[in-house]
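Breakdown of the fold
Now for the letters of each chain:
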Amino acid sequence: MTERAPVLGKQTGQTISWHAPEVERSNACCVYCGVSLRGPDAPLSDKEHLIARNFVPTGTMGGQPFNFIFRACRQCNARKADAERHVSSVTLFNSPARLVDDRVNDIALRKGRGDYHPSKKGVLIQEAHENLSLDYSLGPLSVKFGMVAPPQLDKNKAGEVAFSHVQGLFTLICTEDYRDPLKMRLLPQEQFIWYDWYAFDDWGNPQALEIANRVNDWECLANIVSAEGYFKATLRRSDEGWFWALEWNRQLRLVGGISSSSMKVFEKLPDEGWVLTPSGRMRQHVPHRIESDQLFAGVVSR
Ligand SMILES: [Zn+2]
């Protein structure tokens, strides 16, 4: 039996599309939930962009950089869009790119005053700062800290977007023929592992560096820089399973794996230096050094 090359879809620049106006000529199943999009019982489906154009700063998706377009059922499409709107607002609002790019700053301000925080009723993103105060006695010393932390990202919504992005890339890489439901390969939730996330001022976190080091010789299946660097993704594979990393709006990195069992790459990692405080724990963030930044340095070999 000869091995068939994957059916890639329609390609414009680096954008790959599995979407056609007719359902029958599009991908057979919803990439996110796996429901069949054909036949009399199929749910309504829409065109879906893996990287939503509004997720990254306006204008950065011009010139057809990498994106993946396909059909998703309306329910998944709406759920992802809602999570993506929040993640985009918070990551852009907290992005260091605001300091060097007026265009990004304008968009961040607009999103900050136009979007409500999901876990703070009636509070806009721009007002969703966490006011932290810390009181404790240290021997004869009484110490009081006052801090203002930036708007916090909702963890469930970040997880939703990360899972969707990884699902899309996994399906794109593994699917032999997107028009044939038996030749589409989808990523089930139970195999998706999200290890941790790091804000830009903590990209030199000892655990993040060690993980990047451990996967450095794994086969690189995708290394994507799109939207002028406001979206990055990488996928690697070894006998242990898959590794994935995402970077959003130059502000947040997320790392995890794909496996049906626990992965050694996330075990026995170096100490992050947490210290206990009366109300919990804290640690110092570690900015990354360019020379040791190898998370998105993979080269796809085939
Ligand atoms: Zn769906």
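These numbers come from a predicted model, not from an experiment.

1. Points about the overall build of the chain
For the chain, the helix and strand inventory stands at four helices and 13 strands. In terms of overall dimensions, the chain is globule-like: its C-alpha atoms have a radius of gyration of 21 Å, near the 19 Å expected for 302 residues. When the backbone C-alpha atoms are referred to their principal axes, the chain occupies close to 80 × 45 × 35 Å. Counting every position in the chain, which comprises 302 residues, the buried fraction comes to 47%. A gap of 4 Å separates the mean positions of the 36 positive and 36 negative side-chain charges of the chain.

2. Quick look at the pattern of salt bridges
Evaluation of the coordinates by the stated rule reveals 17 salt bridges. The residue Lys80 makes a salt bridge to Glu48 at a minimum N-O spacing of 2.7 Å. Taken together, the residues Lys80 in helix H1 (residues 74-93) and Glu48 in strand S3 (residues 45-49) connect sequence positions 32 residues apart. Exposure remark for Glu48: the relative accessible area of 5% places this residue in the buried category. The residue Lys157 makes a salt bridge to Asp82 at a minimum N-O spacing of 3.0 Å. Linking Lys157 in helix H3 (residues 155-174) with Asp82 in helix H1, this pair joins segments that are 75 residues apart in sequence. With relative accessibility at 33%, the residue Asp82 sits in the partly exposed group. Here the residues in one salt-bridge network are Lys232, Glu247, Arg253 and Asp293, joined through shared partners.

3. Details of the sheet that holds strand S2 (residues 15-17)
Here four strands make up an open sheet; going across it, the order is S1-S2-S4-S3 and the pairing mixed. The outermost strands of the open sheet, each flanked by one partner alone, are strand S1 (10-12) and S3. Neighbour-to-neighbour, the strand axes of this sheet turn through a mean angle of 25 degrees, independent of strand direction. Judged from the three bridges that link them, S2 and strand S4 (residues 67-73) form a sheet pairing that is parallel.

4. Focus: the coordination of the zinc ion
Surrounding the zinc ion are the protein donor atoms Cys30 (SG), Cys33 (SG), Cys73 (SG) and Cys76 (SG), at 2.3 to 2.4 Å. Considering all four donor atoms around the zinc ion, angles at the metal cover 99 to 118 degrees and the coordination shape is tetrahedral. Donor residues for the zinc ion sit on one chain with the sequence pattern C-x2-C-x39-C-x2-C. Overall, the relative accessible area of 0% leaves Cys30 in the buried class.

5. Comments concerning the sheet that holds strand S10 (residues 241-248)
If you walk across this open sheet you meet the five strands as S7-S11-S10-S9-S8, and the pairing is antiparallel. A single partner strand is all that each edge strand has here, and the edge strands are strand S7 (192-199) and strand S8 (219-226). For this sheet the average axis-to-axis angle between neighbouring strands, irrespective of direction, equals 10 degrees. Sheet topology places S10 next to strand S11 (residues 252-258); seven bridges connect them, and they run antiparallel. In the strand pairing of S11, Trp242 is matched with Ile258. Docked against the sheet, H3 engages S7, S8, strand S9 (231-238), S10 and S11, running at close to 125 degrees with respect to S10. Sheet strands touched by helix H4 (residues 206-214): S7, S10 and S11. Its angle to S7, the strand with the most contacts, is close to 130 degrees.

Rules used in this analysis
Residues numbered from 1 in each chain as written. Predicted model: local features only at pLDDT ≥ 70, side-chain atom pairs only at ≥ 80, totals over all residues. Heavy atoms only, no water. Helix = DSSP H or I, 4+ residues; strand = E, 2+ residues; numbered from the N terminus. Rg over C-alpha atoms; globule rule 2.2 N^0.38 Å. Buried < 20%, exposed > 50% of the residue type's maximum accessible area, 1.4 Å probe, protein only. Lys, Arg positive; Asp, Glu negative; His and termini not counted. Charge placed at Lys NZ, Arg CZ, Asp CG, Glu CD. Salt bridge = Lys/Arg side-chain N within 4 Å of Asp/Glu carboxyl O. Pairing = 2+ DSSP bridges. Axes fitted to C-alpha atoms, helices over the stretch in contact; angles between N-to-C directions. Donors = N, O, S within 2.8 Å, 3.2 Å for Na, K, Ca; no water. Tetrahedral: all angles 85-135°; square planar, octahedral: opposite > 155°, others 65-115°. Contact = heavy atoms within 4.5 Å.

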